[in-house]
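Listed below are the residues making up each chain.
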Amino acid sequence: MSAAPVLSGDLEEDLDLEEDEDLEVFSKNPSLAVGSSVSSSVVQGSLVHSPGALVRSSGSMVNQYGLEEEEEEEEARGGVPTRDLFVTVDHPESHVTAIETFIVYRVLARTTRGDFDSSEYEVHRRYQDFLWLRGKLEEGHPTLIIHPLPEKFVMKGLVERFSEDFIETRRRALQTFLSKTAEHPMLSRSPQLKVFLTEQDLTAIKKQGPSFLSRMGDSVRAAAIAVRGVRARPQEFGAMQDYADEFSCKMSALDKVTQRIIKEQNEYLEELSQYGPLYSQWAELEADLSEPLRGVAGCLDLCGRETEEQLRHLTEVLQPTLHQYLLCADTLKTVLRRRDHIQAEFEAKNDALASSAVSKKGDLETLKEEAAGLEERVESANSALKGDWARWGDAMRYDLREALVSTADKNQDYYEKCLAVWETFLLSQKTPPGQEED
Amino acid sequence: MRTGQLTAHTHTHTHTHTSQETRTMADSDSEEAAVLDNTDLTSPESENNMINTMVERETALLKKIDINVAESEKRSGKNTVNMQETYTVYLIEIRPANAAEGGLPVGDSPWRRYSEFELLRTYLLVTYPFVVIPPLPEKRAEFVWHKLSADNLDPDFVERRRLGLENFLIRVASHSVLSKDKIFYQFLTEEKGWREAVLETGFQDKADSRLKSLSATLRVKNPDKSFTDLKQYSDELNSAISHLLRVRAKVADRMYGVYKVHGNYGRIFSEWSAIEKEMGDGLQSAGHHMDTHSASVDDILEEEEHYADQLKEYLFYTDALRSVCRKHELIQYELEMAVLDLASKKQQREELTTGAVRVFSLKGMSSKLFGQESPEQRESRLAALQQSIQASEDAVLDKNQECREFMRMSWEEVKRFKEQKDRELREALISYAIMQISMCKKGIQVWSNAKECFNKM
């Protein structure tokens, strides 16, 4: 059981809901490949050393990287210029055992790093494996801003919770999580990440408990249960706190608005799909009027298809990005809280030092040592956070800008296509079929 | 203000005013004829009509005057059951055609309320049953999408009704037959006394009773196929357009929702820009464009209402078509009844002369019961019957005549109407396409602007 809090804001931390997370409820097909959306071909066995051979997810624009593009984008986002680790998450498949059914994803890694034995790896992971990884990363780097995972459940009462769309959305979010982790200057060096990407069987490693590879597990837990608040929070972190709160608000609002637009657009599409055919039906009653009526029916049909396209873009690009940054906002707050706790621990230790309850000299020495250690911890936590905050800010601006630009572009494209449809119709009406009375 | 842009189709043949007055041709062999089987105009005739429609596009009336429903006003008053009510009246302004701006109005410039228009239309329906009488704008707002008010006193509704009433008057004035009607002219020009004048025509007595119409529909034996087809067409057209209008309203509703929710982006972007440094300006200006986008839907949908009104007019036209079909059925039915009556009387005569009783008659029964009648009694009965037969034969002739005249005139009318419908609805579809194009252009503009702003983030 992971000690790290679940990031989606769910309340069931202590329950072991591992078997629920990636349950596939609706189908028992042994292979449910959502591979129709994967555009490039699947490479079996070992991968070939050439750019483009890496199987790419056909996910959101933000995730479609070529080798060179990735490096450029990396720089733009303030990451390490030379990227030496590339990961993809694809091929969700239903995995059936006697006890449960869940989805397994294929995780591919390519690297030029020396600390990896090989240059390519292929493993299979389920959602709870990702949870484990993130928990470990948090333990190891409590004040780094780690990208969130997609939520366990979608609390919207959607009937098709485990539908293809849900799985695909989740897959893309997992991909983003891994990519961002792999490009993070510190997180990419995490031993757990390496294990995650390379070990075929993760279960043995996971069973080794929270103390494995963890330097600060105990103290993080201790910090988590510290009741006392921080006394002298530096001003810059206060400003960050304010920002995190506001940002969280705005992301939540944007997320809701976008969801609402998607809902309304869906309903519009439904009505539109009934509207066009009525013109065709009317045309059957008419003689001369039949041709323009059919023309209008055709236009409405084409516009309907364009609307579908536009809607798809909203659902696959803008919505998930906004949602992820909503989750990020929670991460920001969590990370700031942890920093506060670390500082609070140090302050507590100092208070203990200053109090006259210390009797033996040996105890005093121990306390001083501990205090010094804690002070160091505060320093490193603060600097890690500050550095990562700036880095995160750049990435956020980049991602959101890209998503919004892409959406505006798609919307413009939508209207341009519809315009062409109606103009074609108009043109056809200006040159009548020749048997008019005139 | 949208003035009527309709063109009128006229025929240069002289028309009589009402079908009641048609007695032009005697029909020699129509004793037993119950129905005409060919209502189509002959080819040269139809060609002639087409040429006529192209040449003359205005009636004599419209050459003289311009018709405007210029204003609307709310009034209060006591109604027929002495209760206070609020209603709207419309100003009818008649000016000389081709006059310079500010030509003196012709007539009283009466204020009329909707019910008076209804009265006028009913009068026209009864008086010219072979004409496809133009419809009035709807009595109550139907096919509304949620933002549009269904309230009759709502200013937008009143405005659209004003345009619809003007359109109605111009259509009547464009009709070769209707435009010559005196009551119509009085409606346009006389404030007082119009109501009395129209009631004085006694048109209400001439109105076919509902019962008559209904029984005719049920029991016509040989309706003309063209009219049956026409009736079916009007029913189907009515259904098609209603359905279309209903769904259109739903589509409009949904579209409204999508656009309006985008307004929230404006607000949130603005708030968000306050906490960002680099992204602030881009977000702020993008927000303005989102507001623009959200607001643009109001104009778009208002324009579409005009399109919906055009469709509605033709929806209501189907009622006028059905009226013409019903009148045909009624006349046909009366003809068939007259023929049956004649046949029955002839039968009676035959029995009287031959003495064979095949048809039940009271006289026959009483003869059986109370004894045979005397030869004198029989003679007088025969004479009376002969007179009755003569009257019946005349009735059949007249009815046949009426039937044929009606079918000829109404079929011309229907033809004219169909050409008008095809032409005008095609124009309406074209204007709909133009509206869509305008909407798309606005969309392109707004999102291209927004994209620029986002790029600056």
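Structural data are supplied above this passage.
A short tour of the structure in this document, coming up. It should be emphasised that the depicted structure is a prediction, and the values quoted were computed from it without experimental measurement.

Topic: the interface of chain A and chain B
Residue-level contacts link 52 residues of chain A with 56 residues of chain B. Across the interface of chain A and chain B, roughly 5300 Å² is buried in total on both sides, 74% from carbon and sulfur atoms. Its largest share of buried area at the contact with chain B, chain A owes to A:Tyr275, A:Trp282 and A:Tyr415, together 13% of the area lost on that side. Counting the contacts that link chain A with chain B gives 6 salt bridges. Salt-bridge contacts for A:Glu267 lead to B:Arg254; the nearest nitrogen and oxygen are separated by 2.9 Å. Connecting chain A to chain B are 12 residue pairs in polar contact (both at pLDDT 80 or more). Among the elements of the structure, α8 (235-283), α9 (290-354) and α10 (361-430) of chain A are those that each provide at least two residues to the side of chain A that touches chain B.

Digging into the pairing of strand β2 (residues 101-111) of chain A
Within a regular strand, the side chains alternate between the two sheet faces. All names here are of chain A. In terms of burial, β2 is largely enclosed, as 11 of its 11 residues are buried. Going residue by residue along β2, you find Thr101, Ile103, Tyr105, Val107, Ala109 and Thr111 tucked away on one face and Phe102, Val104, Arg106, Leu108 and Arg110 tucked away on the opposite face as well. Relative to β2, strand β1 (residues 85-96) runs antiparallel, the two sharing 10 bridges. Across the sheet, valine 87 pairs through a bridge with alanine 109, a residue of β2.

A word on the nonpolar core
By size, the foremost hydrophobic cluster in this structure holds 167 residues, and its most contacted members are A:Phe247, A:Tyr279 and B:Leu169. A total of 26 residues in this core trace back to one element, the largest contributor, which is helix α12 (residues 375-455) of chain B.

Structural notes on the sheet that holds β2(A)
All names here are of chain A. Pairing in this open sheet of 3 strands is antiparallel, and the strands run β1-β2-β3 from one edge to the other. Of all the strands in the sheet, the pair left with one neighbour each is β1 and β3 (120-126). The mean angle between the axes of side-by-side strands here comes to 20 degrees, regardless of whether they run parallel or antiparallel. Bridging between β2 and β3 involves 7 bridges; their strand directions are antiparallel.

Some words on unusual backbone geometry
For A:His91, which is not a glycine, the phi torsion comes out positive at approximately 50 degrees. With respect to the secondary-structure elements, A:His91 resides in strand β1. Taking relative accessible area as the criterion, A:His91 reaches 17% and is therefore assigned buried. At B:Phe143, a position not held by glycine, the phi torsion is positive, near 55 degrees. Here B:Phe143 lies in the loop between α3 (114-127) and α4 (155-174).

Structural notes on helix α5 (residues 182-189) of chain B
The buried fraction of α5(B) amounts to 6 of the 8 residues, a majority that puts the element mostly inside the structure. Among the residues of α5(B), the N-terminal cap falls to B:Asp181, whose side-chain oxygen and the backbone nitrogen of B:Ile183 are separated by 2.8 Å.

Side note on the packing of aromatic side chains
Inspection of the entire model under this criterion finds 26 aromatic pairs over all chains. Aromatic side chains A:Phe130 and A:Phe177 sit 6.4 Å apart centroid to centroid with 65 degrees between the ring planes, which places their arrangement in the edge-to-face category. A residue pair is termed long-range when its members are at least 10 positions apart, and A:Phe130 in helix α3 (residues 127-140) and A:Phe177 in helix α4 (residues 164-183) qualify at 47 residues. Each member of the pair, A:Phe130 together with A:Phe177, is buried. Considering the side-chain rings of B:Tyr123 and B:Phe203, the 5.6 Å spacing of their centres and the 90 degrees angle between planes classify their relative orientation as edge-to-face. On the criterion of sequence distance, the pair formed by B:Tyr123 in helix α3 and B:Phe203 in helix α7 (residues 203-206) is long-range, its members being 80 residues apart. Just as B:Tyr123 is buried, B:Phe203 falls in that class too.

Examining α4(B)
Residues and elements named next belong to chain B. The end-to-end C-alpha separation of α4 is 29 Å, in line with the 28 Å expected for 20 residues at 1.5 Å each. Across the 20 residues of α4, 17 count as buried, placing the element largely inside the fold. The N-terminus of α4 is capped by aspartate 154, whose side-chain oxygen sits 3.2 Å from the backbone nitrogen of aspartate 156.

Overview of the packing of α3(B) against α4(B)
Residue and element names in this part refer to chain B. Relative to each other, α3 and α4 sit at 25 degrees, their axes nearing to 12 Å. Compared by their axis directions, α3 and α4 come out roughly parallel. The hand of the α3/α4 crossing is left-handed. Residues Tyr114, Phe117, Leu120, Arg121 and Leu124 of α3 form the contact with α4, whose participating residues are Arg161, Leu165, Phe168, Leu169 and Val172. Residue composition of the contact of α3 with α4, grouped by class: 8 nonpolar, no polar and 2 charged.

Calculation notes
- Here the residue numbers are simple positions, counted from 1 along each chain's written sequence.
- Key to labels: chains lettered from A, ligands numbered from 1, both in the order written.
- This being a predicted model, a pLDDT of at least 70 is required before a residue's local features are given, and a value of 80 or more before pairs of side-chain atoms are given or counted; all residues contribute to the totals for chains, interfaces and linings.
- Excluding hydrogens and water, the side-chain figures rest on all heavy atoms present in the structure.
- In what follows, residue pairs with any heavy atoms lying within 4.5 Å of each other are defined as contacts.
- Two parts placed together each lose some accessible area under a 1.4 Å probe, and the buried area is that loss summed for both.
- What makes a salt bridge here is a side-chain nitrogen of Lys or Arg within 4 Å of a carboxyl oxygen of Asp or Glu, nothing more.
- Two N or O atoms form a polar contact when they lie within 3.5 Å of each other; inside protein one atom must be a possible hydrogen donor and the other a possible acceptor, and for residues adjacent in sequence the pair counts only when both atoms belong to side chains.
- Helix numbering and strand numbering both begin at the N terminus, where a helix is a DSSP run of H or I of at least 4 residues and a strand a DSSP run of E of at least 2.
- Note on classification: 1.4 Å probe, protein chains only; a residue is buried when its accessible area is under 20% of the maximum for its type, exposed when over 50%, partly exposed between these limits.
- Any two strands with at least two DSSP bridges between them are considered paired.
- Here the nonpolar core consists of buried residues drawn from Ala, Val, Leu, Ile, Met, Phe, Trp, Tyr and Cys, with membership extended through side-chain atoms lying within 4.5 Å.
- Only the stretch in contact is used when fitting a helix axis, every axis being a line fitted to C-alpha atoms; angles between N-to-C directions are given from 0 to 180 degrees.
- Geometry of aromatic contacts follows a simple scheme: Phe, Tyr and Trp rings, the Trp one being its six-membered ring, pair when their centres are within 6.5 Å, and the pair is stacked under 30 degrees between planes, edge-to-face over 60, tilted otherwise.
- Helix span, as expected, comes to 1.5 Å for every residue beyond the first.
- When an angle is under 35 degrees it counts as roughly parallel; over 145 it counts as roughly antiparallel; between 65 and 115 it counts as roughly perpendicular; any other value is oblique.
- Here a crossing is taken to be left-handed if its near helix is turned anticlockwise relative to the far helix by less than a right angle, and right-handed if that turn runs clockwise.
- Residues were grouped as follows: Ala, Val, Leu, Ile, Met, Phe, Trp, Tyr, Cys and Pro as nonpolar; Asp, Glu, Lys and Arg as charged; and all remaining residues, including Gly, as polar.

Coordinates in, geometry out; function isn't part of it.
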